[in-house]
Structure formats: C-alpha cells, structure tokens
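Residue-level listing of the chains:
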Amino acid sequence: MIEVINSGLCTSVQDYPGRVGYWDVGVPPSGPMDSVAFRIANRLVGNPEGEAGLELTGMGPTLKFHTAAVIVLTGAKLNGQLDGMEIPWWKPLRVGKGSVLKLGAVKGNGFRAYLAVRGGIDVPEYLGSKSTFAFGGFGGYEGRILKAGDMLRINEATVRIDTFSIKQNIYFGVETEYTKEWEIGVLPGPHGVPDFFTEDHAEMFYSTNWKVNYNSNRLGYRLEGPTPEFARKDGGEGGKHPSNMYDYTYSVGTINFSGNTPVILTVDGPSLGGFISFASIATAELWKVGQAKPNDTIRFKKITLNEALKIQEWQNKMIQGIHPVNI
C-alpha cells in the first residue's frame, strides 16, 4: 500500500493509451499528458504497457510506502528525497517498507513527472481504462485527483525481469529535450487557407512563438499571440464570429480557434464543438504539450503525414527497446 501524506498540486492515476473507443459518445481518452515519459516509466520497472501509474503536475506529492516496492520517476525533474536522500530520475530504485518519498516543485524545464511502481497501481477499470477523468468524476482513484489520506494498492508484478540492456543515452535523451521553447510538429487542417484563414495568417501562425497561458490544463492549452486573420467576416449560420461554425468532431491535439484565442485540445478535452481548427498536432508530438508549462513558448512546424508516422514509428521502437533493471 502507498499512503498519500500530501497530494501535491495535481496528482492522478493514469494508464496508457487511456479510455479509447468512446470518443463518439463524448468520453475523452484521458491518460498521461506525456505518454512517452509514462510509457518509459512502465518499461523501466518491468510493467506491461497498460499498467496504471501516477501523473504529477507542477509539484509532486509526499507518499509513504507501507510495503517494499520498486519504483521509477520519469518526466520533468522534481525536487525530491527518499528518506532524506536525493533520488535519481529515469532509474529504477528499491523502496523499503516504511519509506517516505517527498516530491516538491519542478526543477528546471518540463511540467509533468511520472511515477511507476512495479506491478502497477491497483484501481478498478472503468470503460476499459484505469485513467482518471476528474472533470467527469470517473476512473482512477474514486474519479478524482488524489488527496491526503488516500491509500493506493499495488498489484503483484506479472513480468519476470532478467536483464538490463538499454544504453543510458536512449532514455536520458528524452530528458535533454525538455525546454522552455517548444517546436511541435502539426498537420494542417481541417480548416485552412483560403476558405477560413488568409495566407498572412498561415505565415503568422507558423512563425509565431505562442505563449502558454496560465489558464491551461488537461482540457486544453490556451495560447497567447497575434490576432488571427480570418478569410470571412462571420461564421454564417454557425455564428456571428468568423471562428464559428456548425458543431463537428474534434480530435485530440486539434488547435482550435475559440474566437481569437488558439486552444490546443488535450486528453481530457471536448470531442466536438463549433469552432474552426487550423491544424492538428501529430500524435507522436503531443508529449511536448504535456511538458509545456505556463509562460513557455510553442512554435508550430508543418509536417507531412509520412513524417508524422515516421516519428511515431521511431518513438515506439525506442520505447520497446527498453528493458527493465533486475533489482
């Protein structure tokens, strides 16, 4: 059992790939905002890919282990100590019964950290996933972020661990990519030039360093920057503002223009709405959004579908090539 002494800023149970298959009835996938760091964490402790772990946002929790465990921390580095000793990142370690893990604020770049425990966090599945959708009140631990006094059960490990055969620079390379100035690959559409936006808007969109607004979360990331240039005066029957249109299906990673404000729709976001979207973030690039914190900047880079698929293929091979430490 793991006891939550202090919950931190926003700590929740998540799994990968989340609650897929219910988008058509308005249920988002949820899951980790940075799926790369989360998947690496599970691999490093020897868990199957679908096991649940913890997502720690901005500032981590204080946890007491009532049983011995093997854990790993990945993602943004937090100030942290285990029984008063500094702990490593991206490296599994054994935690003794009675040990206290105290995690503080983000140290450097990035915004979210992930804690995996060998065996995984034991919570019930809801609609095929253990991920928390706090805005809907279901999944994870009682359908909410964690709070002091919660007790988390740990599953028994099901995978036998024999070897450790990963070169350190493979997964440490992920850490070195964390920054305050993010470049994120996107695919144009579904609404573009010249029907919805002007050519000048397209040039501005890709040349702007968009600032992450403080009012950003797992529903969506609001961005600050120049006023968009629309190619029409209004939305016709869809509404008075040129960003308005009839409701249609969104995708996770869509860059939606809500009025004059671009919003990246993230893993807990809406499945449909009536605002036009200029581009969509490639699936393999979405992890960067999860690590961007308020006041960071995002610059969008137009890529092709083939380029997006190649990034995803490399990413999957890199993660599958990680073998756990036998400790």
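Just so it is clear, the model here is predicted, and its values are computed rather than measured.

J.: So what's going on with the pattern of salt bridges? Which residues, and what values?
T.: One pass over the structure, following the stated rule, counts 10 salt bridges. With a shortest N-O distance of 2.8 Å, Arg218 and Glu55 are connected by a salt bridge. Remark: Glu55 occurs in strand 3 (residues 53-57) and Arg218 occurs in the loop between strand 14 (210-212) and strand 15 (220-224); sequence separation between them is 163 residues. Arg218 sits in the buried class, given a relative accessible area of 7%. Across the pair Arg144 and Asp150 runs a salt bridge, and its minimum N-O distance is 2.9 Å. Of the two residues, Arg144 and Asp150, neither departs from the other in class, the shared state being buried. The network of salt bridges with shared partners includes Glu55, Arg112, Arg218 and Asp268.

J.: Go over the nonpolar core, please, and point to the residues and values.
T.: With 73 residues, the main nonpolar core has Leu54, Ile121, Phe205, Ile264, Ile281, Ile298 and Phe300 as its most contacted residues. Other than its neighbours up to four places away in sequence, Ile298 contacts Trp182, Ile184, Thr208, Asn209, Trp210, Val212, Leu223, Ile264 and Ala292.

J.: Pulling in residues and values, what's your account of unusual backbone geometry?
T.: Following Gly189, the chain continues to Pro190 via a peptide bond in cis, the omega torsion being 15°. For Pro190, the location among the structural elements is in the loop between strand 13 (181-188) and helix 3 (199-207). The omega angle of the peptide bond from Val193 to Pro194 is 5°, so this bond is cis rather than trans. With respect to the element layout, Pro194 can be found in the loop between strand 13 and helix 3. If you check the backbone angles, Asp83 has positive phi at about 55° while not being a glycine. Inspection of the secondary structure assignment puts Asp83 in the loop between strand 6 (78-82) and strand 7 (85-86).

J.: Can you tell me about the packing of aromatic side chains, naming the residues and giving the values?
T.: Taken as a whole and judged by the stated rule, the model has 17 aromatic pairs. With a centroid separation of 5.3 Å and an interplanar angle of 65°, the aromatic rings of Phe133 and Phe138 are classed as edge-to-face. We note that Phe133, like Phe138, is buried. Here the aromatic rings of Phe205 and Tyr206 are separated by 5.1 Å at their centres, their planes lie at 85°, and the arrangement is edge-to-face. We note that Phe205, like Tyr206, is buried.

J.: Help me get a handle on the pairing of strand 13, residues and values and all.
T.: Bridge analysis of strand 13 against strand 21 (residues 297-302) gives 6 bridges, and the strand direction is parallel. Following the sheet pairing, Glu181 is matched in strand 21 by Thr297. Of the strand pairs in this sheet, strand 13 and strand 20 (residues 277-281) are connected by 3 bridges, and their pairing is antiparallel. Opposite Pro188, over in strand 20, you have Ala279 as the bridge partner.

J.: Explain helix 3 to me, using residue names and the numbers behind them.
T.: For an α-helix, 3.6 residues make a turn, and residues three or four places apart therefore share a direction. Here helix 3 has its buried residues at His201, Ala202, Met204, Phe205 and Tyr206. Looking at the packing, one finds that the buried side of helix 3 touches strand 13, strand 14, strand 17 (254-258), strand 20 and strand 21.

J.: A description of the sheet that holds strand 9 (residues 100-106) should follow, citing residues and the corresponding values.
T.: Pairing is antiparallel in the open sheet, where 7 strands are placed in the order 7-6-9-4-1-12-11. Here the strands that pair on one side only, and so sit at the sheet edges, are strand 7 and strand 11 (121-122). Sheet analysis places strand 6 next to strand 7, joined by 2 bridges and oriented antiparallel. Counted as the bridge partner of Leu82 is Met85 from strand 7.

Basis of the calculations
- Here, residues in each chain are numbered from 1, in the same order as that chain's written sequence.
- Local features are withheld for residues below a pLDDT of 70 in this predicted model, meaning they are given only at 70 or higher, and side-chain atom pairs are given and counted only at 80 or more; totals for whole chains, interfaces and linings count all residues.
- Just so you know, side-chain values use all the structure's heavy atoms and leave hydrogens and water out.
- What makes a salt bridge here is a side-chain nitrogen of Lys or Arg within 4 Å of a carboxyl oxygen of Asp or Glu, nothing more.
- Here a strand is any run of E in DSSP of at least two residues, a helix any run of H or I of at least four, and the numbering for each starts at the N terminus.
- In this scheme, a residue with accessible area under 20% of its type's maximum is buried, one over 50% is exposed, and one in between is partly exposed, where area comes from a 1.4 Å probe on protein chains only.
- Among buried residues, the Ala, Val, Leu, Ile, Met, Phe, Trp, Tyr and Cys ones that are joined through side-chain atoms within 4.5 Å form a nonpolar core.
- Working rule for contacts: check all heavy atoms of both residues, and any pair within 4.5 Å makes them a contact.
- The pairing test for Phe, Tyr and Trp rings, Trp by its six-membered ring, is centres within 6.5 Å, and the orientation test on the planes gives stacked under 30 degrees, edge-to-face over 60, and tilted for anything in between.
- Only when DSSP finds a minimum of two bridges between them are two strands counted as paired.

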